[in-house]
Amino acid sequence: MSIIDSPERYGSISRFFHWSIAALVLWQLVTATTTVLFEDSWLDKLTWATHKPVGLLILILMLGRVAWALLNQRRRPSSLNLPSHLGHLALYALLVVIPSIALMRQYGSGRAFAPFGIELMSGFDGDKIEWMMLPANLLHGWLGWALFAMALGHVLMAVHHRMNPRQQDVLPRMLDVSARK
Ligand code: HEM
Ligand code: HEM
């Protein structure tokens, strides 16, 4: 398989970004659901410890994904229709905005942040920086749940397009499965 995209299918690098980020988003769903349902349980402590580092990893992968998408813009498969194009763009936007505003809040809180043992933010004494915390305080959780809902809709649409003989099967563009007979 080619590493770059073609009009027929996504290449291996786009697929790596798609599936690795899909798996990490699924993990974020697990961490967020666990914290809502079993707050302060041993399970919550275990999974929540990974929420921020995994969120950061998603943002780092997304920066590569956006750059790669721009480089491949002219040769990658074209969207089936305008709603699917806008849906993919919205997923991209959420995957960048959600972790970015959370990191901004993390900085503004003055608390240290050392994901994977690397000191990214050393923290500071004194007042919190309220304007840096506001966007995530207002939006981070809501946008996170909206992302999960949209991702579920996206998966259902992919299944619908594969199952419904009147639709174009797009799964082979992103996964090594044979086209629907
Ligand atoms: C794409 C990545 C991320 C997704 C999808 C996501 C999703 C979520 C969701 C759905 C909640 C709400 C849980 C609830 O209702 O109680 C939440 C909460 C939280 N997240 Fe994230 N998150 C991501 C990245 C991050 C990052 C990078 C950080 C910090 C650096 C972070 C820090 C927090 C904190 C502190 C909370 C609890 C306060 C709040 O609800 O805003 N998240 N996240
Ligand atoms: C079982 C899970 C999933 C399946 C079966 C799936 C399937 C697909 C397929 C078939 C395409 C190609 C669509 C086309 O070219 O018309 C695609 C593209 C895409 N998917 Fe998924 N997907 C899954 C999970 C996710 C998740 C969790 C996200 C993000 C939260 C996501 C984001 C995207 C985006 C943004 C595109 C546009 C192509 C790109 O720029 O990479 N997918 N997906």
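Before reading on, note that the structure itself is shown above.
These lines cover the structure that appears in this document, whether it is placed above or below.

### Focus on the pattern of salt bridges
Part 1: All chains considered together, the criterion is met by three salt bridges.
Part 2: In this structure, the salt-bridge partner of arginine 15 is aspartate 176, at a minimum N-O distance of 3.9 Å. One end of the pair, arginine 15, is in helix H1 (residues 12–37); the other, aspartate 176, is in the segment after helix H6 (171–174), with 161 residues separating them in the sequence.
Part 3: One salt bridge connects arginine 162 with aspartate 169, and the closest N-O pair in it is separated by 2.5 Å.
Part 4: The exposure class of aspartate 169 is buried, given its relative accessible area of 14%.

### Structural notes on the coordination of the iron atom of ligand 1
Part 1: Looking at the iron atom of ligand 1, one finds its protein donor set to be His51 (NE2) and His140 (NE2), positioned 2.0 Å from the metal centre.
Part 2: Considering all six donor atoms around the iron atom of ligand 1, the spread of angles at the metal, 88 to 179 degrees, places the coordination shape in the octahedral class. You can see histidine 51 sitting in helix H3 (residues 51–71) and its partner histidine 140 sitting in helix H5 (residues 130–163), a full 89 residues away along the chain. Across the pair, histidine 140 and histidine 51 agree in class, each one buried.

### Examining the site of ligand 1
Part 1: Around ligand 1 lies a shell of 21 residues, among which His51, Lys52, Arg105, His140 and Trp145 are the nearest.
Part 2: Histidine 51 places a polar side-chain atom, nitrogen or oxygen, 2.8 Å from a nitrogen atom of ligand 1.
Part 3: Interatomic distance of 2.9 Å between a side-chain N/O atom of arginine 105 and an oxygen atom of ligand 1.
Part 4: Secondary structure elements with two or more residues in the shell around ligand 1: H1, H3, helix H4 (82–108) and H5.
Part 5: Taken together, the residues of the shell around ligand 1 sort by class into 13 nonpolar, six polar and two charged.

Cut-off values and rules
- Residues numbered from 1 in each chain as written.
- Chains lettered and ligands numbered in written order.
- Predicted model: local features only at pLDDT ≥ 70, side-chain atom pairs only at ≥ 80, totals over all residues.
- Heavy atoms only, no water.
- Salt bridge = Lys/Arg side-chain N within 4 Å of Asp/Glu carboxyl O.
- Helix = DSSP H or I, 4+ residues; strand = E, 2+ residues; numbered from the N terminus.
- Buried < 20%, exposed > 50% of the residue type's maximum accessible area, 1.4 Å probe, protein only.
- Donors = N, O, S within 2.8 Å, 3.2 Å for Na, K, Ca; no water.
- Tetrahedral: all angles 85-135°; square planar, octahedral: opposite > 155°, others 65-115°.
- Near = heavy atom within 4 Å.
- Polar contact = N/O pair within 3.5 Å; in protein donor to acceptor, adjacent residues only side chain to side chain.
- Nonpolar A, V, L, I, M, F, W, Y, C, P; charged D, E, K, R; others polar.

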